[in-house]
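# Summary of the model geometry
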Amino acid sequence: MDYSPLHAPAAQIPETAQSLLGWELTAGPVRVRLTEVEAYAGTGEDPASHAHRGPTPRTAVMFGPAGYAYTYFVFGMHWCLNVVCGAEGEAAAVLLRAGEVVDGVDVARERRGDVADRDLARGPARLVVALGINAAANGTSMIDGSGPLLLTPPKRPLARSAISAGPRVGVAAAHDVPWRFWITGDPTVSSYRRHVPRRRAARTAEV
C-alpha cells in the first residue's frame, strides 16, 4: 500500500490532508471512509497546532514517526483523533473530522445511539465514538496493523476537483486558515461553526 503521502514534509501538510480524503480507517468491526479532515503544522508558523511551541510530553508523538495516532481530550468530554504526518522531527498532523461508516454500521449505531447513518461519524468526536477508541490509541501505529486502528489508502486517489476547502473549526488562533478539507457535497461532512471566544463575566466594581 502507498503510504508515501504521510511522509511528505510538514510544510506540505495541506496537500497531505487533502490526499487522505477517501482513505479508510478500521477499528475492529467498524470501517469508516474519511470525508473531512483538517491540517495542522507544528513548524512554528501555525499557532493553532498543539506543537506550535515545540515538543511537550503531550505532543511528542506529533514529531514522528508518520502514521501514528495522536489523540487528545477536548472540552472535558470528547476524544479527537489525528494521524501524524511528515518527516521525523517535524511536527505535523491531520485531524480526522468526519467519515462515512461503510462497514459495522450496527456496531457504530450501538455506540452512537439511534441516529441517521449520515450522523454516525459526522464530526471528530462522533467518529472516535463510532470507532470505539480512546486514549489507549495514542502513540500507536495506524499503518502496520500493530495498533487498534488501521488506515488504508483507496485504490484510486480522490480527484482534487471533488475537494472543497475552508476555515478550521474550534481553534482560537489562525481559525480562518483554509486548512479544513472535505469531499464536496458529501452528507457526512460536519457543519461549520466559526470559533467564538468565550467572554468572561464582568466583575462588579468595588465600592
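Our structure is the block above this text.
What you see is a predicted model; the values in this text were computed from it and never measured.

### Concerning the packing of aromatic side chains
For the structure on display, the rule yields three aromatic pairs. Taking 5.5 Å as the distance between ring centres and 40 degrees as the angle between the ring planes, the aromatic pair formed by Tyr70 and Tyr72 counts as tilted. Neither Tyr70 nor Tyr72 differs from the other in exposure class; each is buried.

### Topic: the layout of surface pockets
Space inside the second largest pocket adds up to approximately 180 Å³. If you go around the second largest pocket, the residues you meet are Asp2, Pro5, Gln18, Ser19, Trp23, Pro153, Pro154, Lys155, Pro157, Leu158, Arg160 and Ile163.

### Side note on the pairing of strand β2 (residues 30-42)
If a strand is regular, its side chains alternate between the two faces of the sheet. The buried fraction of β2 is high, at eleven of 13 residues. Two strands pair when backbone bridges link them, and strand β1 (residues 24-27) and β2 are joined in this way by four bridges, in the antiparallel orientation. Bridging across to β2, Glu24 finds its partner in Arg33. In this structure, the hairpin formed by β1 and β2 is closed by a connection of two residues, where Gly28 is found at a positive phi of approximately 60 degrees. As judged from the eleven bridges shared by β2 and strand β5 (residues 91-103), these two strands associate in the antiparallel manner. Paired with Glu38 across the two strands is Leu95, which belongs to β5. As paired strands, β2 and strand β8 (residues 180-183) are joined by three bridges and run antiparallel to one another. Opposite Glu36, over in β8, you have Trp182 as the bridge partner.

Cut-offs applied
Residues numbered from 1 in each chain as written. Predicted model: local features only at pLDDT ≥ 70, side-chain atom pairs only at ≥ 80, totals over all residues. Heavy atoms only, no water. Phe/Tyr/Trp six-rings, centres within 6.5 Å; stacked < 30°, edge-to-face > 60°. Buried < 20%, exposed > 50% of the residue type's maximum accessible area, 1.4 Å probe, protein only. 1 Å grid on protein atoms, 1.4 Å probe; cavity = no way out; pocket = protein on both sides within 12 Å on 5 of 7 lines; lining within 4 Å. Points joined across faces, edges and corners; volume = space filled by probe spheres on them. Helix = DSSP H or I, 4+ residues; strand = E, 2+ residues; numbered from the N terminus. Pairing = 2+ DSSP bridges.

Nothing here speaks to function; it is all geometry.
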